[in-house]
Structures are given as C-alpha cells and as structure tokens.
Amino acid sequence: MAELGVAIVGAGRWAGRAHLPGWLRDPRARVVGVYDLDPERARALSARAPGCRVYSSEAELLADSAVQVVDVVTWGPAHFQSAIAGLESGRHVLCEKPVHREWTRTRDAGEKARSLGLRTKVGFTFRFSPAMMRMRELIDEGYVGRPLVFNGFEQNSQFLDPLTPIRAGEGDPAGGAEIQVSSLEGYGAPIIDLALWFLGAELVEVVGQLANLIPERLVPGSAVPVRLPIDDADAFLCRFANGAIGTIQSSYVTVGNYPGLEARLYGTEGALICRLVEEEGVCERLYGARRDQVEFRPLEIPERLYPPGGGPTEPWDSAFYANLIAAFTSEIQDPGLPAQADFLAAARVQEVINAVELSHRRHAWVQLPLEG
Ligand SMILES: NC(=O)c1ccc[n+]([C@@H]2O[C@H](COP(=O)([O-])OP(=O)(O)OC[C@H]3O[C@@H](n4cnc5c(N)ncnc54)[C@H](O)[C@@H]3O)[C@@H](O)[C@H]2O)c1
C-alpha cells in the first residue's frame, strides 16, 4: 500500500515531542511538509523528517497533492479552521483538542467527515497508553462486572507557580469577572473521554464547579502578573445512562508529576485503577482487585500494547502518541476498523465540558444531551 502523505500545521513543542516522532515511527506514513506561522519553527521541524518541505501558507499546503492527512497542532482557537479546511479539501484530519469549544460545531465537523468518507482523530493521548488500553480490554472481558462508580483525575502542578506564563485561550486577560474554562478543557477532556470509553454509556447529568485558585499570573508578553480569571481547578459529579455514578477532577495547580491521570472503575465483580503518573522512571501502572480478593495488586501490561521499540520506561508523550498515530493510520487504511477518538467522540466530550460550565454558571444540575 502507498505511504500516506502527512502535512503538519503548527510546529511547536507538542508537534516536536509527540506528533512528528509518532509519524516517523510509522512505516506506512511519511511527513511530506510542515506549515507554521513562524517559518523558523517550520524549518526546524521539517529538518527532522527526510524529504519534508516547508510551506509558506496553509493554502500551499492544501494545494500539495502529496498530502492525504492534515495534522493540526496549533492552539485552541486556531484548530477548527485548519481542521475544516483539511476536511473540505478531502484530507483525513488529526486535530489537537478542542476541535471547537462548542460541542455542536465539533459534532458538525465529525458528521461532515463521515459524509465525505474521511477519517478524523483527536489528540486524546491517554486512551492510547498501554495501561489504559489494557484496562479497557479487562473491562470488555468482564473483570469489573457491571460498572457502578467511576472516579477520574487529571492533575499536576504545571501552573502552580504564577510566574509560569499561561495562554488564556479565548478568556479575557484584562480581567472580565466571569471565570473562563481552561483546565476543564485542557486537562479535563482526556479523562472525560476515558470515562465515556470505559463506561460505554452517555452521561445524563452533571453538577460541577470551576475555581480560580491562583488569581494573578504571567501571560505571554506581560512582564508582571495580571488578573486572569481562568479555571485552574474544577470538579464535577455525574450520572451515566447505565445508572453508574462518577466524579471527575482536573487541575494544573495540584502538586504531582506528569501526566497526572488516574482512572478508577468499581463494578459488581471487581475494580481497576490505572495511574499515569511518572514515578521512579515509570509512567503507568495498573492495579486490580476482585470481590473475593479485595487487596489491589499490580497487573501486567502486555508487551504487545507498546509501540515498536517502546516499553514501560519510554517517556509517556512519545509512547502514547505513537500508538495514537498507528491507530489512525490503520483506520485510514482499513475502512472496516471502528473509529476511536474521532471528532464525534470529541463532540460528546465537549458537550460534557459545555454542560459542566453551564452547571457552574447556573449553580445547578444540568441534564444531557444539551439542546442544539
Ligand atoms: N494531547 C495532548 O496530550 C497535548 C499535550 C500538549 C499540548 N497539546 C496541544 O497541542 C497544541 C500545541 O501545543 P504546543 O505546546 O506545541 O504549543 P506551541 O505554542 O509550542 O506550538 C503551537 C505552534 O502553532 C503555531 N500556530 C499557531 N496558530 C497557527 C496557525 N493558524 N497556522 C499555523 N501555525 C500556527 C505557532 O506559531 C506555534 O509554533 C495545543 O492545542 C495544545 O493544547 C496536546
């Protein structure tokens, strides 16, 4: 089968640490070009991929007939436009989260892709961790029985120090009174995705709070901290359509190492806890307990779930992303494979984010599905 030609839009930190290494590791794909608003960054990234060109505009990228996949790694507000342009030009699209802050726009993009016969994928990195993949296999095999309670965390101390500059997304750095969604989207999205994936059921209601615990921060381009009312911690209670209940917390001002996820699922037959927190050089651990053996014990993560050449001590970003990209290439090449973490899955996650934000503003439970 011919190699898939991939063009990367956005040549910053995450493109260099996760996306490009993932594509370089997949022999079925080749990175044919890079575009960034900053040509120096595009040049530096393209130099790492043999035969890769640098585009001077996104239009030039879209006009390149060697491109079958557009990989969008820019930043929040810019994702949607590039993703839609990719789809409308007939390309499969990998896009960082959020595709769009409004769940209906993400859903519409997902439906557009399906109607055009194109594949999409969103950067839900942690679904592709070998330990989380194993957890899903065990759930499918009946290890936990009927799911009863889910607890999820995504948290670390990335922005505990107010002198670490943070981009405010579409928030108002000049000090609007209303708190803006931030951690819930950046950190909450992947653990919400895992909750929906593990439970295999929609959420039917949520009640939650957004908090702004470090009120003044440095933002890019400012020499002194400014008032920045963003959610740097949030938590919500939820109920799933199958009757299970859950709690989810996300924060980037909570002491702890990266990436900082923990997913716990308790059921009628057993329980599973997956921790993606780098400790003593290992970034993922899976524990299980059964109703007749209630002490949690470490469970093996099979070698077959690691990307080629990978293992338990490989850095999480390159290891998990290599799996994500390999899954995307497989889905593009085999129309029979089910979509994993596509734009429609991202729309369900975004709907939950939008519902939790609404719950915070109304100070009340919010039912799903949302209107729209
Ligand atoms: N899935 C994950 O686990 C994960 C982890 C880290 C970052 N991310 C996401 O990856 C994205 C990139 O993050 P980063 O840390 O690399 O940021 P970054 O600022 O280092 O890189 C972004 C790059 O995009 C370029 N850019 C911005 N708008 C553009 C546009 N319209 N056209 C072309 N280029 C444009 C910028 O010039 C910059 O080089 C963000 O959306 C971030 O949330 C995801």
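Calculation criteria
Residues numbered from 1 in each chain as written. Predicted model: local features only at pLDDT ≥ 70, side-chain atom pairs only at ≥ 80, totals over all residues. Heavy atoms only, no water. Pairing = 2+ DSSP bridges. Helix = DSSP H or I, 4+ residues; strand = E, 2+ residues; numbered from the N terminus. Contact = heavy atoms within 4.5 Å. Axes fitted to C-alpha atoms, helices over the stretch in contact; angles between N-to-C directions. Near = heavy atom within 4 Å. Polar contact = N/O pair within 3.5 Å; in protein donor to acceptor, adjacent residues only side chain to side chain. Areas by Shrake-Rupley, 256 points an atom, 1.4 Å probe, with all protein chains shown as cover. Nonpolar A, V, L, I, M, F, W, Y, C, P; charged D, E, K, R; others polar.

Strand pairing in a sheet relies on backbone hydrogen bonds, with the paired strands running either antiparallel or parallel. If you trace the six strands from one edge of the open sheet to the other, you get β3-β2-β1-β4-β5-β6, paired in parallel fashion. Each end of this open sheet is capped by a strand with a single partner; those strands are β3 (53-54) and β6 (120-122). Strand direction decides the pairing type here: strand β2 (residues 29-35) and β3, joined by two bridges, are parallel. Paired with glycine 33 across the strands is arginine 53, a residue of β3. Against the sheet, helix α4 (residues 76-88) engages β1 (4-9), β4 (69-72), β5 (92-95) and β6, with an angle of about 165 degrees to β5.

Near the ligand you find 20 residues, and of these Trp14, Asp36, Arg41, His79 and Thr125 are the closest. The separation between an oxygen atom of the ligand and a polar main-chain atom of tryptophan 14 is 2.7 Å. Side-chain polar atom of histidine 79 to an oxygen atom of the ligand: 2.8 Å apart, as the coordinates give it. Isolated, the ligand exposes 850 Å² of accessible area, and the fraction of that covered by the protein chains is 81%. It is α4 that provides the largest number of residues to the shell around the ligand, a total of three residues. Counted by class, the shell around the ligand contains seven nonpolar, seven polar and six charged residues.

In short, the description is geometric, and any link to function would need to be established separately.
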